[in-house]
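# Inside the fold
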Amino acid sequence: MEYHQHRQGGGKLYAQTPSSGDHASIVSSIAPFDTVCSGGSSSTTSSNARRILDESEVLRCINEYRREHGAPMLRWSSACAREAQRRASHESGPSAEYGENLARSTDHSWRDPTIACIGSIHQWQKEEAGYDYGKPGLSSNTSHFTANVWRLTTHVGFGVFRATYKGKSTMWVVAYFSPRGNQAGDFARNVLRRGSVYHGDDNMVRRAVDTVSPSGRHPRKAPADRHAREAPGTYVRVETANADVKVLRSANGKFTFQVLPDRNIIVRQAERIIWSSGSRSAGKPPVGAPFRLVLQKNGDLVGYDSAARVFWSSETANCGPAPYTLTMQDDGQCVLFDGRWKARWASDSRPITMK
C-alpha cells in the first residue's frame, strides 16, 4: 500500500502525492470500473459494480483512535465526502477548503470500500510511532496521524475509487477533514498523548489528568459500590435514565461542582473558582435561565437552558461502556468515568494551596 501526505494547514503537497501538473497524465492512465456509494447513492459515474461505503463503521474506527488521544468524536460530512469522492476519482485536485489524507493500495481485500477506508485509517495512525510530543509540529512522516486526531476537527468524509492503474486493480482512498488540521503553531494543543482527557472547553490543558477515587484508590481498582459508599454526596451515576446534576461536593468538603445562575459551570474551592466551563452568559439577566446540568445515559454531560437548548457539553457521548459516573474528587478534579472506571472527561481544576 502507498499512502500520500498532504499538508493540511498550508495546502502544500509532499513529493509522494502527484502534483497538479501530473494530474492530467494520471487521469489518462486510469481505467475506472467500480462505482462506490455512500449512504446508498452513487458517487461516481463508473460502470459495472456497485459497492456501499458503511459510514458508521468508518466513523467508529477513526473515533476510537480519537478517544484514545482525548479528541472529540467526528461526525460525517456529506460535503466532505462529496469532494473527497471527486478527489479519489481524479475529477479534481487538492481542496483549498478541507484537510486531506490520501492512500492507495492494490491489496485485494481493499476492493470493499469500507475495508479500504478502515485500512487507511489504521495505516495513517501507525505514524504516531514517529511523532515527537516533546517537539510538536508538522512532519511529512506523521501528518496523516496528526490529521486523524486533530482535536479541533469536527467533521470528516471519505471518498473511494477503484480503477486499473498501471495494469493493476488499485483502490484510491481520500479523507477530507473540516476544519482542516495540521495548522502551524497549534500542534501542542491539538495532538494529545494517548490517555489524555478531553476537558470540553477552549482552555484545555494538554496533559492527562491523574484521576483517583475520593478514597485515594485508583478507580480502576475500586469496585463501583465501594467507590459510591466511600463518597456519599459526591457523585452522580446513570444506567438506564438521565440524571440531573445538582451541587456535587468532594468527600473532604473542600470542593464543589455546580452550574451558576449566569450559566457558567464551575469548580469552587472555598470562595475561589478554580475551574470554569467558560459558558457564562453575556446577557443580564442571562437569557434562557434557569440552567441545568444533565448526565445523560449515553455518558454525555450536557448543560441545558430552560428551552432545552444545549449551551455546553463534555462531548463524551458513548465514549466507553456504561454505567457512567460523575464525581467530585478530593483533589479538586471533577471527573467523568465510564463503566471500566476510565476517565473520559475532567475539569482540570487548579486547586489553591491553603496556608
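What counts and what doesn't
Residues numbered from 1 in each chain as written. Predicted model: local features only at pLDDT ≥ 70, side-chain atom pairs only at ≥ 80, totals over all residues. Heavy atoms only, no water. Helix = DSSP H or I, 4+ residues; strand = E, 2+ residues; numbered from the N terminus. Buried < 20%, exposed > 50% of the residue type's maximum accessible area, 1.4 Å probe, protein only. Contact = heavy atoms within 4.5 Å. Areas by Shrake-Rupley, 256 points an atom, 1.4 Å probe, with all protein chains shown as cover. Pairing = 2+ DSSP bridges. Core = buried A, V, L, I, M, F, W, Y, C linked by side-chain atoms within 4.5 Å. Salt bridge = Lys/Arg side-chain N within 4 Å of Asp/Glu carboxyl O. Phe/Tyr/Trp six-rings, centres within 6.5 Å; stacked < 30°, edge-to-face > 60°. Axes fitted to C-alpha atoms, helices over the stretch in contact; angles between N-to-C directions. Parallel < 35°, antiparallel > 145°, perpendicular 65-115°, else oblique. Nonpolar A, V, L, I, M, F, W, Y, C, P; charged D, E, K, R; others polar. Expected span 1.5 Å × (residues − 1). Polar contact = N/O pair within 3.5 Å; in protein donor to acceptor, adjacent residues only side chain to side chain.

### Some thoughts on the overall build of the protein
- Looking only at helices and strands, the protein has seven helices and 21 strands in total.
- Burial status across the protein gives 51% buried among its 355 residues.
- Residue pairs at least 24 apart in sequence account for 59% of intrachain contacts in the protein once pairs closer than 6 positions are excluded.
- Total accessible area on the protein stands at roughly 16,200 Å², and carbon and sulfur atoms take up 48% of it.

### Brief notes about the pairing of strand β20 (residues 334-337)
- By the alternation rule, side chains of β20 split into Cys-334 and Leu-336 and Val-335 and Phe-337, which are all buried.
- Across four bridges, strand β19 (residues 324-328) lies against β20 in antiparallel orientation. If you follow Met-328 over to β20, its bridge partner there is Cys-334.
- Taking the residues between adjacent antiparallel strands as the criterion, β19 and β20 are bridged by five residues, where Gly-332 takes a positive phi near 95 degrees.

### Describing the sheet that holds strand β15 (residues 272-276)
- The strand order across the open sheet formed by four strands is β12-β13-β14-β15, and the pairing between neighbours is antiparallel. This sheet does not close on itself; its edge strands, each paired only once, are β12 (248-249) and β15.
- Note that β12 and strand β13 (residues 255-259) share two bridges and pair antiparallel. Across the sheet, the residue bridging to Arg-249 is Thr-256, located in β13.

### Brief notes about the nonpolar core
- If you look at the biggest cluster of nonpolar residues, it comprises 25 residues, and the most contacted ones within it are Val-245, Phe-257, Leu-301, Leu-326 and Trp-345.
- In terms of nonpolar packing, the next biggest core, distinct from the first, is built from 24 residues, Leu-74, Trp-110, Cys-117 and Phe-158 among them.

### Here's the deal with the pairing of strand β9 (residues 168-178)
- Burial of β9 is extensive: eight of the 11 residues sit out of reach of the surface.
- Examined bridge by bridge, strand β7 (residues 99-105) and β9 share seven bridges and lie antiparallel to one another. Its bridge partner being in β9, Glu-100 is matched across the sheet by Tyr-176.
- Alignment of strand β8 (residues 155-165) against β9, held across 11 bridges, turns out to be antiparallel. In the sheet register, Val-156 faces β9, and the bridge partner there is Phe-177.

### Section: the pattern of salt bridges
- Counting across every chain of the model gives 11 salt bridges.
- Between Arg-280 and Asp-262 there is a salt bridge, and its shortest N-O distance comes to 3.5 Å. Within this pair, whereas Arg-280 is found in the loop between β15 and β16 (292-295), its partner Asp-262 is found in the loop between β13 and β14 (265-269), the two being separated by 18 residues in sequence.
- Overall, the relative accessible area of 22% leaves Asp-262 in the partly exposed class.
- The salt bridge involving Asp-338 is made with Arg-344; its shortest N-O contact spans 3.0 Å. Just as Asp-338 is buried, Arg-344 falls in that class too.
- Three or more residues are tied together by salt bridges with common partners; here these are Glu-68, Glu-128 and Arg-194.

### Side note on the packing of aromatic side chains
- Scanning all chains against the criterion turns up 11 aromatic pairs.
- Ring geometry for Trp-150 and Phe-187: centres 4.9 Å apart, planes at 85 degrees, overall edge-to-face. One end of the pair, Trp-150, is in the loop between α5 (143-149) and β8; the other, Phe-187, is in helix α6 (residues 187-190), with 37 residues separating them in the sequence. Across the pair, Phe-187 and Trp-150 agree in class, each one buried.

### A word on the packing of helix α2 (residues 55-68) against helix α4 (residues 113-125)
- The N-to-C vectors of α2 and α4 enclose an angle of 10 degrees; their axes lie 9 Å apart at closest approach. Compared by their axis directions, α2 and α4 come out roughly parallel. For the pair α2 and α4, contact is made by Glu-57, Val-58, Cys-61, Ile-62 and Tyr-65 and by Thr-114, Cys-117, Ile-118, Ile-121, His-122 and Gln-125, respectively.
- Of the residues in the contact of α2 with α4, the class split is seven nonpolar, three polar and one charged.

### Topic: α4
- Along its 13 residues, α4 runs 18 Å from first to last C-alpha, staying within 8% of the 18 Å computed at 1.5 Å per residue.
- Within α4, 10 of the 13 residues are buried, which leaves it mostly tucked inside the rest of the structure.
- Put simply, Asp-112 is the residue that caps the front of α4, since its side-chain oxygen is 2.9 Å from the backbone nitrogen of Thr-114.

### Focus on the side chain of Ser-105
- Turning to its location among the elements, Ser-105 is positioned in strand β7.
- Within polar-contact distance, the side chain of Ser-105 engages the backbone nitrogen of Asp-107 at 2.9 Å.

### Brief notes about the sheet that holds β19
- Strands sit in the order β10-β19-β20-β21 across an open sheet of four strands; the sheet is antiparallel. Edge positions in the sheet fall to β10 (235-238) and β21 (343-346), since each of these pairs with one other strand and no more. In this sheet, adjacent strand axes meet at a mean angle of 15 degrees when their direction is disregarded.
- With three bridges joining them, β20 and β21 adopt antiparallel strand pairing. Paired with Leu-336 across the two strands is Trp-345, which belongs to β21.

By themselves these figures say nothing about function.
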